[in-house]
Amino acid sequence: MDGKIIIVTGASGALGQVVVERAIARGTRVAALDHAARPQAAKGPDRLEIGGVDLSDAAQATKAVDTAAAHFGGLDVLINIAGGFAYEAVADSASQAQPNQNWEKMHRLNLLTALNASRSAIPHLVRSSAGRIVNIGAMAALTAGAGMGPYAASKAGVHRLTEALAAEWKGSITVNAVLPSTIDTPANRASMPKADFGKWVTPQELAEVILFLVSNAAGAVTGALLPVSGRV
């Protein structure tokens, strides 16, 4: 992976941080994008921090991606980690003033961020000899359980986006998605304190699968929705 130029969205999250650090350790140059503010001085030959970016806004996504590509002189890989989670039964919000708030939020955070970042990155990726996009889907989007409607619907959209992009850019860019079950993060442990954490997928394990998909070894893999289901 030496020399590859990678954009990681959602870079300040539990998974994003691991992917960024492991990618840099393997000789890549990484632009770390996030909605949160990022250190202003974090700029150098192998790392660029771009914060305060709302990737659900197409114009902001394009500006951030173009800035990263200009800084490094190109782009080889986009890893779409930015996203969010909301739990809500379909009927729970029926009487609220904004009954679709969580549905719209999940659509914006999970699907629109991936769509806008991908669309912005494609003009740069097609100039690479090994253009790659990796999205984060979800096992929960294959069969939605109670309360998982907003999240599962948005992640199912990510699955279909992955397949459409893979078909549209076959031969030029590979586009795949990883489908994790529950990721072992501090936030998930806090929200599910009685769960068996040993059955969950660690950020390190998921990062390794993502980095395989962006490697030269995965050049023949595209359109895959790859389950990473831990030990459940």
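Look a little higher up for the structure.
We now turn to the structure provided with this report. (Residues numbered from 1 in each chain as written. Predicted model: local features only at pLDDT ≥ 70, side-chain atom pairs only at ≥ 80, totals over all residues. Heavy atoms only, no water.)

### Here's the deal with the sheet that holds strand E2 (residues 29-33)
For clarity, the threshold we go by: Whether two strands pair depends on DSSP finding at least two bridges between them. Secondary structure elements are defined from DSSP: runs of H or I of at least 4 residues count as helices, runs of E of at least 2 residues count as strands, and each element is numbered from the N terminus. Angles shown run from 0 to 180 degrees and are taken between the N-to-C directions of axes, each axis being a line fitted to C-alpha atoms and, for helices, limited to the stretch in contact. The criterion used for residue contact is that any of the two residues' heavy atoms lie within 4.5 Å.
Read across the open sheet, the 7 strands follow the order E3-E2-E1-E4-E5-E6-E7; overall the sheet is parallel. Each edge of the open sheet carries a strand with a single partner, namely strand E3 (47-50) and strand E7 (225-228). Averaged over all pairs of adjacent strands, the angle between strand axes in this sheet comes to 15°, irrespective of strand direction. Judged from the 4 bridges that link them, strand E1 (residues 5-9) and strand E4 (residues 77-80) form a sheet pairing that is parallel. Bridged to Ile-7 within E4 is Leu-78. Where helix H6 (residues 203-213) meets the sheet, it contacts E4, strand E5 (131-136), strand E6 (173-180) and E7, and its direction lies at approximately 165° from that of E6.

### Comments concerning the pairing of E2
What counts here: Buried, partly exposed and exposed residues are distinguished by accessible area as a fraction of the type maximum, computed with a 1.4 Å probe on protein chains only: under 20%, between the cut-offs, and over 50%, respectively. Orienting the strands away from the viewer, one traces the path from the first strand over the helix to the second; a clockwise path indicates a right-handed crossover.
For E2, the buried fraction is high: 4 of the 5 residues fall into the buried class. For E1 and E2, the ladder comprises 5 bridges, and the chain directions are parallel. What sits directly across from Ile-6, in E2, is Val-30. Remark: the E1/helix H1 (residues 14-25)/E2 crossover connection has right-handed handedness. Inspection of the sheet shows E2 paired to E3 by 4 bridges, in the parallel sense. When the sheet's bridge partners are listed, Val-30 is paired in E3 with Arg-47.

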